[in-house]
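Each chain is listed here by its residues.
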Amino acid sequence: MSVGVLALQGDFREHADVLRSLGSEVTLVRRPEELASVTGLVIPGGESSVMDKLTRMFGLAEPLRAAVERGMPVYGTCAGLIMLADTVLDAIRGQQSIGGLDISVRRNAFGSQTASFETDLEVPALGEAPVHAVFIRAPVVESVGPMATALATIADGRCVAVEQGNLLGTSFHPEITGEYRFHEYFLQKVRSAAFRG
Ligand code: GLN
């Protein structure tokens, strides 16, 4: 049983390393056959408009939508969160998402002045210790629909982490900070989905 990382673009190697360090076997997913062989998928950070184009070009967009609808656990970070959002604000012309999360996200929500920053977040679902989060040209979740749940907000109240059933999304990049609780939380979803069959 192997967990997939969408490996068309972005920082997929870092996610693969984290998942391996947590004991998972990892498959880099670039083709529909590879997607069909995994029990969960991480969509990394990168550039969502490019990832969208490559996903369609490689014939992965429809299989991915179908996998999300079937309930496969999927964790998206940053550009990956954008890919999972039902609505994308400030998208480039023609940009599509896979969808699944009942949210709207705004790309590059912190503008070019604050392209990157770090902060500590309270994430009650992951326990008491705060999560150190690195934001890089990050999106924010502008609205959370009734199907989705906010897991964390920054100081000004904007939402940066969400969950909906087997879907998980963060605006930031736990894979580069040594903070693996989000990956562990995702792997729990993978294990329970596999257990239920
Ligand atoms: N700004 C990027 C986008 O719109 C996301 C940045 C990231 O993944 N670090 O896709």
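Just above, that's the structure.
Since the model is a prediction, treat every value here as computed from it, not as a measurement.

1. Describing the overall build of the chain
Secondary structure summary: the chain contains 6 helices and 12 strands in total. Taken over the C-alpha trace, the chain has a radius of gyration of 15 Å; the compact-globule value for 197 residues is 16 Å, and the two agree within 12%. A principal-axis box enclosing the C-alpha atoms of the chain has dimensions of 40 × 40 × 30 Å. Within the chain, buried positions represent 54% of all 197 residues. Counting only contacts in the chain whose residues sit at least 6 apart along the sequence, the fraction spanning at least 24 positions is 63%. Charge-centre separation for the chain: the mean point of 17 positive side chains lies 6 Å from the mean point of 23 negative side chains.

2. Brief notes about the site of the ligand
Within the structure, the ligand sits among Gly-45, Gly-46, Glu-47, Ser-48, Cys-78, Ala-79, Ile-82, Arg-107, Asn-108, Ile-136, Arg-137 and His-173. At a separation of 3.0 Å, an oxygen atom of the ligand approaches a polar backbone atom of Ala-79. Arg-107 has a polar side-chain atom sitting 2.7 Å from an oxygen atom of the ligand. When the ligand is considered free in solution it has 300 Å² of accessible area, and contact with the protein chains removes 97% of it. Within the shell around the ligand, the residues separate by chemical class into 4 nonpolar, 5 polar and 3 charged.

3. Quick word on the packing of aromatic side chains
The full count for this structure, using the stated rule, is 7 aromatic pairs. Relative to Phe-182, the ring of Tyr-75 lies with its centre 6.3 Å away and its plane at 20°, an arrangement referred to as stacked. Remark: Phe-182 occurs in helix α6 (residues 181-196) and Tyr-75 occurs in strand β4 (residues 74-77); sequence separation between them is 107 residues. The exposure class of Phe-182 is buried, given its relative accessible area of 0%. For the pair Phe-172 and Phe-182, a centre-to-centre distance of 5.6 Å together with 70° between the ring planes defines the contact as edge-to-face. Taken together, the residues Phe-172 in the loop between β12 (167-170) and α6 and Phe-182 in helix α6 connect sequence positions 10 residues apart. The exposure classification of Phe-172 matches that of Phe-182, with both residues buried. The structure contains a cluster of three or more aromatic residues connected by ring pairs, namely Tyr-75, Phe-110, Phe-117, Phe-135, Phe-172, Phe-182 and Phe-186.

Calculation rules
Counting restarts for each chain: residues are numbered from 1 in the order of the written sequence. Side-chain atom pairs in this predicted model are given and counted only at pLDDT of 80 or more, local residue features only at pLDDT of at least 70, and totals for whole chains, interfaces and linings cover all residues. Side-chain numbers come from the whole structure's heavy atoms, not from hydrogens or water. Each helix is a run of DSSP H or I of at least 4 residues and each strand a run of E of at least 2, with the numbering of both proceeding from the N terminus. The quantity called the radius of gyration is restricted to C-alpha atoms. Its globule counterpart is 2.2 Å times the number of residues to the power 0.38. Under the scheme applied here, a residue whose accessible area is under 20% of the maximum for its type counts as buried, over 50% as exposed, and between as partly exposed, the area being computed with a 1.4 Å probe on protein chains only. Contacts were defined at the residue level, with two residues in contact if any of their heavy atoms lie within 4.5 Å. Neither His nor the chain ends contribute to the count of charged residues, in which Lys and Arg are positive and Asp and Glu negative. Lysine's charge is taken at NZ, arginine's at CZ, aspartate's at CG and glutamate's at CD. Any residue with at least one heavy atom within 4 Å of a molecule or strand is counted as near it. Whenever two N or O atoms come within 3.5 Å, that pair is a polar contact, provided that in protein one can donate a hydrogen and the other can accept it, and provided that, for residues adjacent in sequence, both atoms are side-chain atoms. Here, Shrake-Rupley sampling with a 1.4 Å probe gives the accessible areas, and only protein chains in the shown set may cover a residue. Nonpolar residues are Ala, Val, Leu, Ile, Met, Phe, Trp, Tyr, Cys and Pro. Charged residues are Asp, Glu, Lys and Arg, and all others, Gly as well, are polar. Ring geometry is summarised as follows: Phe, Tyr and Trp rings, the Trp one being its six-membered ring, pair when their centres sit within 6.5 Å, and such pairs are stacked at plane angles under 30 degrees, edge-to-face over 60 and tilted between the two.

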